[in-house]
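One letter stands for each residue in the lines below.
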Amino acid sequence: MKTDPNALKILHAGALRKPIKECIHILWEKYPNLKVELDYAGSRACAKAVAEGKIVDVIALADYQVFNDILIPRFVDTSFVFAADQMVLAFDEFSTDSNKINGQNWMDVLLGNPTIKYARSDHRLDPCGYRTLMLWQLAEQYYARPGLYQSLENGWSNLYPKSLDLAVALMEGKIDYGFEYLSVSKQMNLQYIRFPVEINLSDPRHADYYARAKVIIEGNYPGLETEILGAPIEFAVSIPKNSNQKELAREFIEILTGPRGEEILEANGLIPC
Amino acid sequence: MIAGKTENGAGVSVDRMIQPMLLLLILKKPTHGYELIQSFNALHEGEIVEPGTIYRNLRRMEKEGFVLSSWEASESGPARRKYDITEDGIKALREAVLKLEQQKQQIEDFLNEYKDLTARGDIDEN
């Protein structure tokens, strides 16, 4: 894609699509002619693109740990935490057995009916993917159901590059259930089941318990695996060192993390923090 | 909602003790929301307060001028919004304490009255 050197370039996690767009409209109130180029992907895919030379002015990701793993200190100095979220199980009224499923029986419904299609996002590209694996590990302990993690991992039907794709697949009827962020479920008007706080990765009080969950992400070469421990979900934003529009990028981040941005985040199901 | 009023009219809510407790924790040690959630619930074991409620109360108190936030970078982790208490916040905390002392007295008076009635046999405990 040909890029405009004067445009503000924002690369963001798919889950942030709607709030980021709404914050750009606020920036346009001050700079009505400003060109903005938006690009999005799973957060790990976003970070890898920057590490491989993609030039952007703002990068907003679904996990600050992705900054630490891939971008800090070479491409980014620090990241700023601006929102929190939690994992839920999203579905809609046409999902098979949607009239039966609830917060207690969700695993039995998903595993008990072979016609049900449930999906997660790809843990190599998207934090929602490794957070789903963590949720399953924690659920195995929390519900004292040995083998639950492996059964859920063996049973999914579809794998998507990012959490937003899961929501779209649900709306299109390609899947019945998706392990998703609460914010994305609310933005897409999906129904959802909340998980207990002990496993939904929402609460800093349970940070030590979440850290019992561990996901290994395969590297390009043997020995280059990345180990990620469970932690409360926190979204973070930063300005890459090679940004050409640092002042505008700063103004955008001030909007995102300021009072109007907070209202937008809250309205989109995120918790500004 | 029960509120103590500061001189300039703004009040800190003492409902569920959330705002006074947060102001007290921030007065002891200016810190960020993540750590406040951890220490809040350690101090406030009777009732679990959701992270979203704590973040919302912090933002509300900042709008009202009781706390002030600034970004604080950490060596190994991300930068987070760190909260400091303001002079208005200290004043609001003091007024919340007065309000809570009044409530405490009301509760003690009520309990004493009830105990007296029970001791006199005016209330059948069965």
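These figures come from a predicted structure and were not determined experimentally.

Definitions and limits used
- Residues numbered from 1 in each chain as written.
- Chains lettered and ligands numbered in written order.
- Predicted model: local features only at pLDDT ≥ 70, side-chain atom pairs only at ≥ 80, totals over all residues.
- Helix = DSSP H or I, 4+ residues; strand = E, 2+ residues; numbered from the N terminus.
- Buried ≥ 20, exposed ≤ 12 C-beta atoms within 10 Å, placed from the backbone.
- Contact = placed C-beta atoms within 7 Å.
- Pairing = 2+ DSSP bridges.
- Domains from an automatic or database assignment.
- Nonpolar A, V, L, I, M, F, W, Y, C, P; charged D, E, K, R; others polar.
- Core = buried A, V, L, I, M, F, W, Y, C linked by C-beta atoms within 7 Å.

Trainee: Outline the overall build of chain B, listing residues and values.
Mentor: Helix and strand content of chain B: four helices and five strands. Of the regular secondary structure in chain B, the N- to C-terminal order runs β-β-α-β-α-α-β-β-α. A total of 126 residues make up chain B; the buried ones form 29% of that total. For chain B, long-range pairs separated by at least 24 residues make up 51% of all intrachain contacts whose partners lie at least 6 apart in sequence.

Trainee: Can you explain the interface of chain B and chain A? Please cite residues and give values.
Mentor: At the junction of the two partners, chain B supplies 15 residues and chain A supplies 16 residues. Elements that contribute at least two residues to the side of chain B that touches chain A include exactly helix H2 (33–43), helix H3 (51–63) and strand E5 (80–85) of chain B. The greatest single-element share of the side of chain B that touches chain A, amounting to five residues, is contributed by H2(B).

Trainee: Outline the sheet that holds strand E2 (residues 36–41) of chain A, supporting the account with residue identities and numerical values.
Mentor: Residues and elements named next belong to chain A. Taken together, the six strands give an open sheet; going across it, the order is E2-E1-E3-E12-E4-E13, and neighbouring strands pair in mixed fashion. The open sheet has two edge strands, E2 and strand E13 (271–272), and neither has a second partner. Where strand E4 (residues 80–84) and E13 come together, two bridges link them in antiparallel fashion. Pairing of Ala83 across the sheet is with Pro272, part of E13.

Trainee: Outline the pairing of strand E3 (residues 58–61) of chain A, listing residues and values.
Mentor: Residues and elements named next belong to chain A. Where burial is concerned, the two faces of E3 agree: the one with Val58 and Ala60 and the one with Ile59 and Leu61 are both buried. In this sheet, E3 lies alongside strand E1 (residues 8–13) in parallel orientation, the contact comprising three bridges. Note on E3: the bridge partner recorded for Leu11 is Ile59. Pairing geometry for E3 and strand E12 (residues 234–238), over three bridges, is antiparallel. By the bridge assignment, Ala60 is partnered in E12 with Val237.

Trainee: Please provide a residue-by-residue account of the domain arrangement of chain A, values included.
Mentor: Residues and elements named next belong to chain A. Once the domains are mapped, chain A shows domain 1 (8–84 + 235–272) and domain 2 (87–217). In this assembly, 16 residues from domain 1 lie in contact with 18 residues from domain 2. Among the elements of the structure, helix H1 (17–30) and helix H2 (43–51) are those that each provide at least two residues to the side of domain 1 that touches domain 2. The element contributing the most residues to the side of domain 1 that touches domain 2 is H2, with three residues. Of the residues that constitute the side of domain 1 that touches domain 2, the class distribution is seven nonpolar, five polar and four charged.

Trainee: Talk me through the nonpolar core; I want residue IDs and the actual numbers.
Mentor: One broad rule of soluble globular proteins: the nonpolar side chains tend to lie buried together. One finds A:Val58, A:Leu61, A:Leu135 and B:Leu22 to be the most contacted residues of the largest nonpolar core, which totals 107 residues. No other element matches the eight residues that helix H5 (residues 127–142) of chain A contributes to this core. Both domain 1 (8–84 + 235–272) and domain 2 (87–217) of chain A contribute no fewer than three residues apiece to this core. Not counting residues within four places of it along the chain, the set of residues in contact with A:Leu135 comprises A:Met87, A:Phe179, A:Phe195, A:Ile199 and A:Leu201.

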